[in-house]
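Observations on the model geometry
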Amino acid sequence: MAVKSDLLRQKQGLSEEFSYDEVDGIPSSGVSKWNELSDEERLRANASAFHSLHCFLGIVLKEQREDLTPEDGEFHEALLSLLAQVETLAESTKQLLLMFGHVPPSNGISSPEQDLTYFKKKLRGYKVLLELSTWALRATRDFTKLQKQSTRITSTMAAPAMRSASRQKNQKKRGGYGR
Amino acid sequence: MANIVTSACCVVLAAVVVVYAQRRSQQGARIQYEKIGSDVTMQCGTLGSEASVTWKVNGTDVENRREDDGPRLALKQVDLSVNGLYSCFQNPTGELKDQIILRVGNPPKEPIVTCRSNTYPKGFYCSWHLPHPTYIPTEFEVSVRHGLQDLQVQKDPIHKNRCHVKLPEIFSNNKYRVNVTATNALGNASGFLAFDEISIVKPDPPEKVVANPIPGNPRKLEVTWNSPSTWPDVETFPLKYFLRYRPLILDTWQHMELSDSTSYTITDAYAGKEYIIQVAAKDTEIGTWSDWSVAIHATPWIEEPKQIIITTTTEADENETTPSQASPSAKPQVGDTLGSSSAALTLSANLFITCIIVLII
């Protein structure tokens with residue numbers, strides 16, 4: 001995935017020095033005291049991130065279809081598949097939160113900006129996929145940690161979520177965004 | 001006894017005086033650094049251009065010096081052989097006027113930087129080296145940037161060309177950029193490396209690799225190992241392993257990839273053959289494989305050979321043995337030479353062996 005995003009970055013003329021702070025609402029997976037997060041914080045961060053990423057990915061797909069790569073049906077199919085997996089992940093995580101009696105994150109995220117320039121659309125699309133891949137990796141680690149330290153209830157529910165997360169990761173590796 | 005002590009004292013004292021004199025003569029000597037291949041001029045103190053001086057290098061006279069150079073010494077296209085302590089003495093008094101330590105070298109070229117994390121997710125370390133030697137003292141400055149943030153760098157206490165950095169956050173998409181600047185008296189040069197957090201992850205090899213035969217199983221070997229002790233949290237960041245093994249006599253390896261398990265039983269070993277075994281480790285999600293562990297040798301369990309009963313025979317019996325009985329009786333024969341009366345038996349054994357050889361030929 002990292003190789004594909006690098007390729008994309010080069011093709012779209014983006015410099016290596018780009019800073020990926022949360023500039024335009026895309027959730028950033030980087031976290032400094034990951035080890036010290038509570039179970040609730042972990043689940044909540046994942047639930048919120050995947051919900052938000054699902055939203056963004058929908059818009060990216062729309063922009064690809066209508067503006068950026070209108071001819072590339074195969075690519076759109078791949079994105080659609082990815083979209084479904086992210087939705088599953090978002091839902092599973094939210095369910096886990098509810099199971100533990102925690103409050104799920106509010107879905108009232110301000111809708112992403114729609115009228116971007118051509119270049120900014122490309123840039124945002126790249127960032128969404130990049131963050132999605134690192135969030136998927138983080139989710140895998142989060143669920144591993146939860147699985148190891150929690151009860152069997154977590155295991156039953158976490159397994160499908162984990163499988164979804166790793167499937168999603170592999171999907172992207174095979175070229176979900178290989179332009 | 002007293003004489004020895006006295007003479008020992010004298011020798012030590014003499015040595016101290018010599019060293020002190022040398023030190024004194026170098027005190028006030030300045031170091032002059034020059035580039036290899038360049039033309040060098042050394043100036044004798046603050047003497048005017050009319051002065052006449054004599055130059056010595058490391059105590060011996062300098063060859064091929066122009067007389068009209070005044071207080072200067074010119075050396076053309078210098079190489080490492082001109083390194084030394086140069087002293088100039090004013091003529092005709094012979095007074096020592098100046099001392100210069102000449103060191104010839106090169107300005108540094110762009111350092112080559114590599115980084116690795118064997119302690120993920122705690123931190124990483126970077127090493128660097130110069131592609132060409134400078135021959136003169138060179139210092140290094142390291143800076144690490146992560147996105148828009150400058151990170152703190154710890155110098156390695158032992159390795160001069162290594163430093164350690166703590167990871168400020170994980171699962172980050174911001175690239176790390178490590179800048180190394182090499183500086184010496186002749187110039188400076190910078191090199192850098194930019195990388196993603198996950199691309200530099202490479203654990204140390206597995207430790208305490210042990211292979212044991214399994215009694216009763218001539219084709220099995222039980223291999224166990226430990227995760228590398230430098231990997232901080234193998235529970236949350238599990239490792240997967242790669243095992244390779246081959247009999248010593250063959251060149252091709254057999255491979256086995258294992259997830260989350262620190263033992264494996266080889267079940268297809270060739271009976272009685274010595275094996276060489278190695279294991280490597282990798283994080284289950286990111287990074288690259290470690291180097292191979294130290295190779296260990298092991299042989300599967302071998303069944304105890306059955307006891308062969310050796311019957312002792314007398315001299316007379318041995319002399320009568322025919323060639324056709326040679327092979328089966330060879331062993332017992334040899335065994336016999338150990339027991340009985342030596343000389344005659346040895347002789348008959350030799351005769352016997354000679355007969356065999358003759359027959360074979």
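Residues numbered from 1 in each chain as written. Chains lettered and ligands numbered in written order. Predicted model: local features only at pLDDT ≥ 70, side-chain atom pairs only at ≥ 80, totals over all residues. Heavy atoms only, no water.

1. A few points about the sheet that holds strand β1 (residues 30–35) of chain B
- If you trace the five strands from one edge of the open sheet to the other, you get β1-β7-β6-β3-β4 (chain B), paired in mixed fashion. The open sheet has two edge strands with one neighbour each: β1 and β4 (60–61) of chain B. (Pairing = 2+ DSSP bridges. Helix = DSSP H or I, 4+ residues; strand = E, 2+ residues; numbered from the N terminus.)

2. Some thoughts on the domain arrangement of chain B
All names here are of chain B.
- Split by domain assignment, chain B resolves into domain 1 (29–104), domain 2 (112–199) and domain 3 (207–298).
- Spacing between the C-alpha centres of domain 2 and domain 3 amounts to 33 Å.
- Between domain 2 and domain 3, the residue contacts involve seven residues of the former and six residues of the latter.
- Note on domain 2 versus domain 3: buried area summed over both sides is about 720 Å², and carbon and sulfur give 73% of it.
- Looking only at domain 2, the three residues that lose the most surface to domain 3 are N118, Y120 and I198, adding up to 61% of its buried area.
- For the pair domain 2 and domain 3, the number of links is zero residue pairs in polar contact (both at pLDDT 80 or more).
- Of the residues that constitute the side of domain 2 that touches domain 3, the class distribution is four nonpolar, two polar and one charged. (Domains from an automatic or database assignment. Contact = heavy atoms within 4.5 Å. Buried area = accessible area lost by both parts, 1.4 Å probe. Polar contact = N/O pair within 3.5 Å; in protein donor to acceptor, adjacent residues only side chain to side chain. Nonpolar A, V, L, I, M, F, W, Y, C, P; charged D, E, K, R; others polar.)

3. With respect to the interface of chain A and chain B
- Facing 25 residues of chain A, the contacting portion of chain B comprises 22 residues.
- Summing both sides of the interface, chain A and chain B together bury roughly 2000 Å²; the carbon and sulfur share of this comes to 52%.
- At the surface where chain A touches chain B, the tally comes to one salt bridge.
- As a salt-bridge pair, D283 of chain B and R141 of chain A come within 2.9 Å of each other at their nearest N and O atoms.
- Summed over the shared surface of chain A and chain B, the result is seven residue pairs in polar contact (both at pLDDT 80 or more).
- When residues in the side of chain A that touches chain B are grouped by element, the largest group, 10 residues, is from helix α4 (residues 118–149) of chain A.
- Grouping the amino acids of the side of chain A that touches chain B by side-chain chemistry returns six nonpolar, eight polar and 11 charged. (Salt bridge = Lys/Arg side-chain N within 4 Å of Asp/Glu carboxyl O.)

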